[in-house]
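# Residue-level structure breakdown
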Number of protein chains: 2
Amino acid sequence: MSTQSRMTPHTRLVEVRQNVLKKNDLQARALRERFADAGVHVVSLVSSPGAGKTMFLERTMTALSASHHIAALVGDLATENDAARLARSGARVKQITTGTVCHLDAEMVERALDDWKLEDIEMLFIENVGNLVCPSSYDLGEALRLVLVSVTEGEDKPLKYPTIFNTADVAMITKLDLAQAAECDRAVLRANITRVRPGMRLFEVSAKTGQGMDDWLEFLMLRASD
Amino acid sequence: MSTQSRMTPHTRLVEVRQNVLKKNDLQARALRERFADAGVHVVSLVSSPGAGKTMFLERTMTALSASHHIAALVGDLATENDAARLARSGARVKQITTGTVCHLDAEMVERALDDWKLEDIEMLFIENVGNLVCPSSYDLGEALRLVLVSVTEGEDKPLKYPTIFNTADVAMITKLDLAQAAECDRAVLRANITRVRPGMRLFEVSAKTGQGMDDWLEFLMLRASD
């Protein structure tokens, strides 16, 4: 593809997208350095719409907010609902509304942090737009990326959306309380996760009943203190 | 933006994407004409991953396959699982694996139809990649687009992903059998759908128990005979 005139729109799209991703990687790297310098442990969450990110995050933040300085950025195409929900934990929360954009990128995160003093924050959560595909390409400068999958989504999801599992550090099986009603075979779901990503750290939780949350919180605090 | 050198990667991405969409619209228009000429009624399905598209489609296709010539194209990033499931209905089924692409486009549909004789098909279903954002921008030449949302995803999803509801013709609330366990307030979910899209045609089904399927099938047959 030496001259522009021979390019199809698709070829151009791929090229321009690669440049955007390269730019995002540089911005994410700069963010990661800023977070490290300021001592902020950054955890991002990705999943399908409706996998329970916000409820899981609300429970996590409520458990931590008494003893730690925490904050959250939450991405959605529209509405400020999630920011309002998460603010109930007492933490600082800011909504990023993306319009029609299907993922957060490093620049959106950087802009949202504009008027926050990073040195005042120990742990920052970033809840991505609900999407099992596109967020996998965008580094946000996080130290830990969680992919959540609920027991109601079917055991095959890791096999059908492998990239997002490959770019995440931890898999979180959510809505454990619905496993029986949804007839989810958790052993198969777990096996499919480790088939895509052998040895992946895996938790199973119900944010509603609290089941499994202690193990997760213990792991999180250990990671944050590294 | 008069010169290329002044463009940011993002500006260029938006421009190139607009060209891709324009190209897709032309291809979709051509497809729609081909479908009309051949007498094929085309129905596409979009939803989050795990909203129950495949099970709903399997039940729909099984109900119709004895009396009608039906076929299906099914999109996923990876695996041929869904094609294998849908083939149990006895219909012709082809899997489109998109790799890392987060949606189907008109060109993929056209290519998949390459060795099928459209005149032999009365109804064609197209199951999109599980994604509540990106598929909304891509016309596939369908006559009817369904957006599915399951009772386990939370009542707020139509407000948070309005575009996909605006580009669909029919909303389908799925997994009705789990509504009580998931504590879904269906009245709120219905209200949120019609808040985004006043007057939208709406069905509530459980593909597992069969509840609501008769109403949907009756509607579908009426639309197909238009």
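Structure report, in brief. (Residues numbered from 1 in each chain as written. Chains lettered and ligands numbered in written order. Predicted model: local features only at pLDDT ≥ 70, side-chain atom pairs only at ≥ 80, totals over all residues. Heavy atoms only, no water.)

### Structural notes on the packing of aromatic side chains
Residues and elements named next belong to chain A.
- Under the definition given, this model contains 8 aromatic pairs over all chains.
- Ring geometry for Phe56 against Trp216: centres 5.5 Å apart, planes inclined by 40°, an arrangement best described as tilted. With Phe56 in helix α2 (residues 53-64) and Trp216 in helix α8 (residues 213-224), the pair connects residues that are 160 residues apart, well separated along the chain.
- The buried category is assigned to Trp216, whose relative accessible area is 1%.
- An aromatic cluster of at least three residues, connected via ring pairs, comprises Phe56, Phe203, Trp216 and Phe219.
- Against the face of Trp116 rests Lys94, its NZ or CZ located 5.2 Å from the ring centre. (Phe/Tyr/Trp six-rings, centres within 6.5 Å; stacked < 30°, edge-to-face > 60°. Helix = DSSP H or I, 4+ residues; strand = E, 2+ residues; numbered from the N terminus. Buried < 20%, exposed > 50% of the residue type's maximum accessible area, 1.4 Å probe, protein only. Lys NZ or Arg CZ within 6 Å of the ring centre and 35° of its normal.)

### Comments concerning the sheet that holds strand β3 (residues 92-97) of chain B
Residues and elements named next belong to chain B.
- The strand order β3-β2-β4-β1-β5-β6-β7 describes an open sheet built from 7 strands, whose pairing is parallel. Since the sheet does not close on itself, it has two edges, and those belong to β3 and β7 (201-204), each with one partner. Between one strand axis and the next, the sheet turns through 20° on average, direction left out of account.
- When strand β1 (residues 41-47) meets strand β4 (residues 123-127), the two strands line up parallel, connected through 5 bridges. Counterpart to Ser44 in the pairing with β4 is Ile126.
- Where helix α2 (residues 53-65) meets the sheet, it contacts β1, β2 (70-76), β3, β4, β5 (144-150) and β6 (170-174), and its direction lies at approximately 170° from that of β4. (Pairing = 2+ DSSP bridges. Axes fitted to C-alpha atoms, helices over the stretch in contact; angles between N-to-C directions. Contact = heavy atoms within 4.5 Å.)

### As for empty space enclosed by the protein
- Applying the stated criterion to the full structure yields 1 cavity of 30 Å³ or more.
- Looking at the largest cavity, the residues that line it are Pro49(A), Gly50(A), Thr152(A), Glu153(A), Pro49(B), Gly50(B), Ser150(B), Thr152(B) and Glu153(B).
- Residues belonging to the lining of the largest cavity are distributed by class as follows: 2 nonpolar, 5 polar and 2 charged. (1 Å grid on protein atoms, 1.4 Å probe; cavity = no way out; pocket = protein on both sides within 12 Å on 5 of 7 lines; lining within 4 Å. Points joined across faces, edges and corners; volume = space filled by probe spheres on them. Nonpolar A, V, L, I, M, F, W, Y, C, P; charged D, E, K, R; others polar.)

### Some remarks on the sheet that holds strand β4 (residues 123-127) of chain A
Residue and element names in this part refer to chain A.
- If you trace the 7 strands from one edge of the open sheet to the other, you get β3-β2-β4-β1-β5-β6-β7, paired in parallel fashion. Of all the strands in the sheet, just β3 (92-97) and β7 (201-204) have a single pairing partner and so form its edges. Across this sheet, the average inter-strand angle for adjacent strands is 20°, counted without regard to direction.
- Where strand β2 (residues 70-76) lies against β4, 5 bridges are found, and the strand directions are parallel. The residue bridging Ala71 from the neighbouring strand is Leu124, located in β4.
- Running over the sheet, α2 touches β1 (41-47), β2, β3, β4, β5 (144-150) and β6 (170-174) and is turned about 170° from β4.

### Side note on helix α1 (residues 9-38) of chain B
- Under the 1.5 Å per step criterion, the end-to-end length of α1(B) is 43 Å for 30 residues, consistent within 8% with the ideal 44 Å.
- Among all positions in α1(B), only Arg12(B), Leu13(B), Val16(B), Val20(B), Asn24(B), Gln27(B), Ala28(B), Leu31(B), Phe35(B) and Ala38(B) are buried.
- Its buried side turned inward, α1(B) meets α1 (9-38) of chain A together with β1, α4 (106-112) and β4 of chain B.
- Positioned one or two residues after α1(B), Gly39(B) has a phi angle of 70°, which is positive. (Expected span 1.5 Å × (residues − 1).)

### Remarks on the interface of chain A and chain B
- Counting residues at the interface gives 46 residues for chain A, matched by 45 residues for chain B.
- Of the roughly 3,700 Å² buried where chain A meets chain B, counting both sides, 59% is carbon and sulfur surface.
- Linking chain A with chain B are 6 salt bridges.
- In this structure, Glu183(B) and Lys208(A) form a salt bridge, with 3.3 Å as the shortest nitrogen-oxygen distance.
- At the surface where chain A touches chain B, the tally comes to 9 residue pairs in polar contact (both at pLDDT 80 or more).
- If one sorts the elements of the side of chain A that touches chain B by residue count, α1(A) sits on top with 9 residues.
- Considered class by class, the residues forming the side of chain A that touches chain B number 18 nonpolar, 13 polar and 15 charged. (Buried area = accessible area lost by both parts, 1.4 Å probe. Salt bridge = Lys/Arg side-chain N within 4 Å of Asp/Glu carboxyl O. Polar contact = N/O pair within 3.5 Å; in protein donor to acceptor, adjacent residues only side chain to side chain.)

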